[in-house]
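Fold and geometry: a report
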Amino acid sequence: SSTYKQIDAAVRFVGDHSIIYVHTRALIPDSMIQSLGTAFDTVVYPAVTEAYGSEPNPGIDDDPRVAILIYDFRKQAIEGSFNPHDIEPNGTYISNHREMFYLNQQAIIYEPQNAGALAAHEFAHLILHYRDVLLDPSPHATPEADWLTEGFTTYAEHLSGYDLRVESQLRSFTSDPDTSLTRWQGYRANYGASYAFVRYLSGRVGLGPDFIRALVEQPLDGVAGITSTLNAYDSFQTFNTLFDDWVLANFLDSRPPQTLPYAYDGLAVSAAPVDVWGTAPLLGTRTV
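On a predicted model such as this, the values are computed, not experimentally measured, just so you know. In this numbering scheme, every chain counts its residues from 1 along its sequence in written order. Totals for whole chains, interfaces and linings use every residue, but because this is a predicted model, local features are given only for residues with pLDDT of at least 70 and side-chain atom pairs only at 80 or more, for both listing and counting. As a convention, hydrogens and water are excluded, and side-chain values are obtained from all of the structure's heavy atoms.

1. Here's the deal with the overall build of the protein
So the rule is basically this: Think of it this way: any DSSP run of H or I at least four residues long counts as a helix, any run of E at least two long counts as a strand, and we number them from the N terminus. Each radius of gyration reported is based on C-alpha atoms, and the globular scaling rule is 2.2 Å times the count of residues to the power 0.38. Think of it in three bands: residues with accessible area under 20% of the maximum for their type are buried, residues over 50% are exposed, and the middle band is partly exposed, with areas taken using a 1.4 Å probe on protein chains only. Note on contacts: a residue pair is in contact if any heavy atoms of the two residues lie within 4.5 Å. Each accessible area is a Shrake-Rupley estimate made with a 1.4 Å probe; only the visible protein chains count as cover when residues are assessed.
Regarding its fold elements, the protein presents nine helices and five strands. Along the protein, from the amino end to the carboxyl end, the secondary structure elements read β-β-α-β-β-β-α-α-α-α-α-α-α-α. Here the protein has a C-alpha radius of gyration of 20 Å; the compact-globule value for 288 residues is 19 Å, and the two agree. When the 288 residues of the protein are sorted by exposure, 48% land in the buried category. A sequence separation of at least 24 residues applies to 64% of the contacts in the protein between residues at least 6 apart. A total of about 14,700 Å² of accessible surface is found on the protein, and carbon and sulfur atoms cover 52% of it.

Dropping the structure here:
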């Protein structure tokens, strides 16, 4: 369960699109903070908003800048977070009432090369919640399915030019391609699978980046959202046919001859084959 506490933080960067607060006990060099702020303003912000649309601006706090708070999460495995209650205008939960997200100071200090990627990932979470939930006119708006949300947010890292984490997660998936796409468990391979699927859709002929943007703003979620968006595109495809093509692309993309639609656009993917054997046909029980 989530716990909340108040901490003291100082403003360490003010830019056109961001304002960075750092816990006063955090010993982070100014150069790291300046580098992160500059990267967010000049690279991350334009890339993610072009792909998914704008965050609430000026938003709930009437400030056009996105707040980034860096502090020690006390959990090394969690590198960043976004609290949707922060941007919900009528929420009854504890909230900072700002367009903001949080980065773990340990991740910033020990892996500074990933700071921009983490910012892109969490900023995408903020935009997705706004556009998928808060702008949904339905009185019972629900968040996007985790497996698709994490595909969008990891894809945002790639769009912002940060592929180090993305490629590592992709390798985790391709080395274990039996990983379920839609059953989210939060492992690295799950992130890799979700990213690969969104990346495949973004490069698919007849779909592409415009389809991804429409899918983000689709009120329905998960498989139902994909189906509805495909119908709006007057497409003959279904989630099942896209899924089948994607599975084949994972194995055939780097094995010539490359043939559409069984290939990625601008990405080399080579899933490791899994040998199965037995005295009788083996029946799979995994979900897609």
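2. What to know about the pairing of strand β5 (residues 100–104)
Put simply, the test is: Think of it this way: DSSP has to see at least two bridges between two strands before they count as a pair.
Counting buried positions over the five residues of β5 gives five, a clear majority of the element. Burial of the side chains of β5 extends over both faces: Met100, Tyr102 and Asn104 are buried on one face and Phe101 and Leu103 on the other. Judged from the five bridges that link them, strand β3 (residues 66–71) and β5 form a sheet pairing that is parallel. Along β5, the bridge assignment pairs Ala67 with Met100. Here strand β4 (residues 80–81) pairs with β5 via two bridges, running antiparallel. Within β5, the residue paired with Gly80 across the bridge is Leu103.

3. So, the sheet that holds β5
To be explicit about the condition: Helix axes are fitted to C-alpha atoms over the stretch in contact, other axes to C-alpha atoms as well, and angles between N-to-C directions run from 0 to 180 degrees.
Ordered in space as β1-β2-β3-β5-β4, the five strands form an open sheet in which the pairing is mixed. Looking at strand neighbours, the two that pair on one side only are β1 (9–14) and β4, the edges of this open sheet. By the bridge criterion, five bridges tie β1 to strand β2 (residues 18–23) in an arrangement that is antiparallel. Considered in β2, the bridge of Ala9 is made with His23. Lying on the sheet, helix α1 (residues 30–52) is in contact with β1, β2, β3 and β5; it crosses β1 at an angle near 55°.

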